[in-house]
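# Tertiary structure, described
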Number of protein chains: 2
Amino acid sequence: MRLRFTGSCAGVPSRQRNVSGLTLQPEHSRRWYLIDCGEGTQHQLMRMSLSLARLEAVLITHVHGDHCYGLPGLLASASMAGRRTPLTLIGPQAVWTFLTAVRETTGLHLDFPLHFIDAATLTESLVLTEFTITAAALSHGIECHGYAFEERGIEASLDTARLEADGVPRGPLWGRLQKGETVYDAQGRQLKGEHYQLMARRPRRLVVSGDNNVPARLTGLCQGADLLVHEATYTEEVIERLGTDNGHCSAARIAAFAEAEGVPNLLLTHFSPRYGRDRRAQNSMAELEREARDRYTGCLALAEDLQPYVLSREGELIIAAA
Amino acid sequence: MRLRFTGSCAGVPSRQRNVSGLTLQPEHSRRWYLIDCGEGTQHQLMRMSLSLARLEAVLITHVHGDHCYGLPGLLASASMAGRRTPLTLIGPQAVWTFLTAVRETTGLHLDFPLHFIDAATLTESLVLTEFTITAAALSHGIECHGYAFEERGIEASLDTARLEADGVPRGPLWGRLQKGETVYDAQGRQLKGEHYQLMARRPRRLVVSGDNNVPARLTGLCQGADLLVHEATYTEEVIERLGTDNGHCSAARIAAFAEAEGVPNLLLTHFSPRYGRDRRAQNSMAELEREARDRYTGCLALAEDLQPYVLSREGELIIAAA
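Every value quoted in this text rests on a predicted model; they were computed, and no experiment measured them. (Residues numbered from 1 in each chain as written. Chains lettered and ligands numbered in written order. Predicted model: local features only at pLDDT ≥ 70, side-chain atom pairs only at ≥ 80, totals over all residues. Heavy atoms only, no water.)

Okay, the UniProt feature "active site" (unreviewed entry) in chain A next. Residues and elements named next belong to chain A. If you check UniProt for "active site" (unreviewed entry), the listed places come out as Asp 66 in our numbering. Mapping Asp 66 onto the fold places it in helix 2 (residues 65–68). Given a relative accessible area of 12%, Asp 66 falls into the buried group. Non-local contacts of Asp 66, meaning those with residues more than four positions away in its chain, are made with Ala 10, Gly 11, Val 19, Ser 20, Gly 38 and His 270. A polar atom in the side chain of Asp 66 sits 2.8 Å from the backbone nitrogen of Gly 11. (UniProt positions renumbered as here; feature names shortened; annotations may be inferred. Helix = DSSP H or I, 4+ residues; strand = E, 2+ residues; numbered from the N terminus. Buried < 20%, exposed > 50% of the residue type's maximum accessible area, 1.4 Å probe, protein only. Contact = heavy atoms within 4.5 Å. Polar contact = N/O pair within 3.5 Å; in protein donor to acceptor, adjacent residues only side chain to side chain.)

Residue and element names in this part refer to chain B. Sheet architecture is open: eight strands sit in the order 6-5-4-3-2-1-18-19, paired in mixed fashion. On the outer flanks of this sheet lie strand 6 (114–118) and strand 19 (317–319), each paired with one strand and no other. Along the sheet, successive strands turn relative to each other by an average axial angle of 20°, direction set aside. Sheet analysis places strand 3 (residues 32–37) next to strand 4 (residues 55–59), joined by four bridges and oriented parallel. Following the sheet pairing, Leu 34 is matched in strand 4 by Val 58. In the packing of helix 3 (residues 71–80) onto the sheet, contacts are made with strand 3, strand 4, strand 5 (87–91) and strand 6, and the angle to strand 3 comes to roughly 145°. In the packing of helix 4 (residues 93–106) onto the sheet, the strands contacted are strand 5 and strand 6, and the crossing angle to strand 6 comes to about 145°. (Pairing = 2+ DSSP bridges. Axes fitted to C-alpha atoms, helices over the stretch in contact; angles between N-to-C directions.)

This brings us to the interface of chain A and chain B. At the junction of the two partners, chain A supplies 30 residues and chain B supplies 30 residues. Both faces combined, the contact of chain A with chain B buries some 2300 Å², and carbon together with sulfur accounts for 62% of it. For the interface between chain A and chain B, the tally reads zero salt bridges. Run the count over chain A and chain B and you get twelve residue pairs in polar contact (both at pLDDT 80 or more). Mapped by element, the contributors of at least two residues to the side of chain A that touches chain B are helix 1 (41–45), helix 3 (71–80) and helix 4 (93–106) of chain A. By residue number, the principal contributor to the side of chain A that touches chain B is helix 4 of chain A, which donates seven residues. Residue classes in the side of chain A that touches chain B are distributed as 13 nonpolar, 15 polar and two charged. (Buried area = accessible area lost by both parts, 1.4 Å probe. Salt bridge = Lys/Arg side-chain N within 4 Å of Asp/Glu carboxyl O. Nonpolar A, V, L, I, M, F, W, Y, C, P; charged D, E, K, R; others polar.)

Looking now at the packing of aromatic side chains. Enumeration according to the criterion identifies ten aromatic pairs over all chains in this entry. With 6.0 Å between their ring centres and 80° between their planes, Phe 5 of chain A and Tyr 309 of chain A make a pair best called edge-to-face. With Phe 5 of chain A in strand 1 (residues 2–7) and Tyr 309 of chain A in strand 18 (residues 308–311), the pair connects residues that are 304 residues apart, well separated along the chain. Taken individually, Phe 5 of chain A and Tyr 309 of chain A each receive the classification buried, so the pair is uniform in this respect. The interplanar angle of 85° and the centroid separation of 5.5 Å between the aromatic rings of Phe 131 of chain B and Phe 149 of chain B together place this pair among those described as edge-to-face. Here Phe 149 of chain B lies in strand 9 (residues 145–151) and Phe 131 of chain B lies in strand 8 (residues 131–137), a separation of 18 residues in the sequence. (Phe/Tyr/Trp six-rings, centres within 6.5 Å; stacked < 30°, edge-to-face > 60°.)

Further remarks concern helix 4 of chain A. The end-to-end C-alpha distance of helix 4 of chain A, which contains 14 residues, comes to 20 Å, matching closely the 20 Å that a straight helix rising 1.5 Å per residue would cover. Those residues of helix 4 of chain A hidden inside the fold are in contact with helix 2, helix 3, strand 5 (87–91) and strand 6 (114–118) of chain A together with helix 4 of chain B. (Expected span 1.5 Å × (residues − 1).)

Here the focus is the sheet that holds strand 16 (residues 265–269) of chain B. Consider a sheet: its strands pair through backbone hydrogen bonds, and that pairing is either parallel or antiparallel. Residues and elements named next belong to chain B. Judged by pairing direction, the sheet is mixed, and its seven strands sit side by side in the order 7-8-9-14-15-16-17 without closing on themselves. Only two strands of the sheet have a single partner each, and these edge strands are strand 7 (126–127) and strand 17 (299–302). Relative to strand 14 (residues 205–208), strand 9 is paired through four bridges, and the arrangement is antiparallel. Among the inter-strand pairings, Ala 148 is bridged to a residue of strand 14, identified as Val 207. Lying over the sheet, helix 9 (residues 251–261) contacts strand 15 (227–231) and strand 16, oriented at roughly 160° with respect to strand 16. Docked against the sheet, helix 10 (residues 285–293) engages strand 16 and strand 17, running at close to 160° with respect to strand 17.

Attention now moves to the relation of the copies chain A and chain B. Structural alignment of chain A on chain B gives an RMSD of 0.3 Å, achieved by rotating through 180° and translating 0.1 Å along the axis. Taken together, these values place the two copies in the relation of a two-fold axis. When you check the interface residues of chain A against chain B, 100% turn up at the interface there too, and the contact is symmetric in its surfaces. (Least-squares fit on C-alpha atoms with pLDDT ≥ 70 in both.)

A few words on the domain arrangement of chain A. For chain A, the assigned domains read domain 1 (2–154 + 201–319) and domain 2 (156–199). For domain 1 of chain A versus domain 2 of chain A, the distance between C-alpha centres works out to 40 Å. (Domains from an automatic or database assignment.)

Checked against the element boundaries, Pro 26 of chain A lands in the loop between strand 2 (21–25) and strand 3 (32–37). Sequence separation between Pro 26 of chain A and Phe 5 of chain A is 21 residues; the distance between their C-alpha atoms is 15 Å.

Turning to the UniProt feature "domain: Metallo-beta-lactamase" (unreviewed entry) in chain A, a few remarks are in order. Under the feature "domain: Metallo-beta-lactamase" (unreviewed entry), the UniProt entry names residues 31–152 of chain A. Taken end to end, residues 31–152 of chain A comprises 27% helix and 30% strand; its first and last C-alpha atoms sit 14 Å apart.

Below, the discussion takes up the environment of Glu 39 of chain B. Residues and elements named next belong to chain B. Within the element layout of this structure, Glu 39 appears in the loop between strand 3 and helix 1 (41–45). You can call Glu 39 buried: its relative accessible area is 3%. Residues Glu 39 and Glu 130 lie 91 residues apart in sequence; the distance between their C-alpha atoms is 27 Å.

Laid out in structure tokens, this is it:
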């Protein structure tokens, strides 16, 4: 599956980075998912080959402007481009209140239904087309959620030894059992696909966090996770200088958490615009990276807008060709 | 004075054009004015050398998303960049309702005061630093305004013959009278600057319209105008094919109006995204231009995002080097 950030900057856009937005697209699918939607997300999407008609769900972590001000425009554009199929929107109730207020005060009419799901109710998993989704409440001053995406529809092979032992004759039934269907054989026996499927691998699991200054809030979601995407707004030194973390995490803190939880891949994002490319400047991306590397031995990457990241079937994070 | 569009596309952004926004900057000033603020306006501003700290006023024509969805984010960024001086916001009351709803539902705090002025009250001129501003109600289905900007602070020379005839002795008083001040001479006579000023030229006047399908609504504002900036969303042929103008103007209609009113410069914008650069395509920018040129003999330009246009002191519209 493929991840691309439409934005990786905290608070305000910079010349290199837009405000928050992340696209997630399973292999062999034109459907995709959007996590957060800061202003200008739809502009960044024009630089990718993702169609607003194929957007399955939008998940908003919290109602701060840099995570949701692009939502009304994106929905308006989807409608004007001819979308008529329903869209699932997941987020805190406050996101729905914001969107409703904008629609009412600006006469925004959408030609497709929005199905809103309050993230606070997602302690049980929600089954979408390619993923089951679970949410966890984070620590950020206002209601904010992290989301775990667990892959569905893993390719299965058949347990042919068992089929033969049970005397199920080779034929079209085998194909249906491989797909997980329940079938009846010539003797009227009920056969359940799940008894004969061999999963080729375990489902991949990724966790996308919202803004959060208490990493431990993600302990549950991170069980068995292949990848954690988390904000690293500051370095420890800057938090110390500011005298506050403003509800945000440092690169050091989230790296230490991912190390302790044994998450094999860590993708950092949501960097304060003070961090630039110049390695000699007082605040540089290199500093953020150093802080994380000092505390984390897994595979680490710092998000760049529009750069494709692939989480392979083997659970490896790959920085792909653009 | 200098005009640059942050966007010239109708409804949705395209790869070449953002949604509506126009910057206006007087000569010899770092202050500037913004007319309309679609999503992504602040992103386009990063490609110009205009500081949010020097923004004098924002004028919104109407509350449709492609003209105002960038406003909350732009204000948030101005505040985060340290702006503390008041900002004037002019628009229909509905714009204030929209902005208030967004601020309340997303906890948007601004560290500077906003002075809102209801455009419906601007039948009398409003005096700002560099311009006096007048509004006119347009025709677009919802409340929508056009704005006339008349230049203030024209350089004046002194009517020295009159000063000598009135027996005002050469000295510091002359300098104060040249600035338009009211002074008292040694005999206690009151002398008014306006009696002794010779205006070097008449003030420039430009009219920036909102969306509007009845050009005649601008007749009053266009009296003595050097430049009209107006939408030309469609060609006549497309309006005929759609069976409606959707409250918008064709290139033909606004060109004919500008010709009849004798406006010497016409700058068209807000083009439907169906019009592309390819001259051979069914709908091209060349077609829009042809329609306008057939009916207008003045100086015509079709807006391009970020291209600087200069309205010279002589009232000429110049396409400047970027």
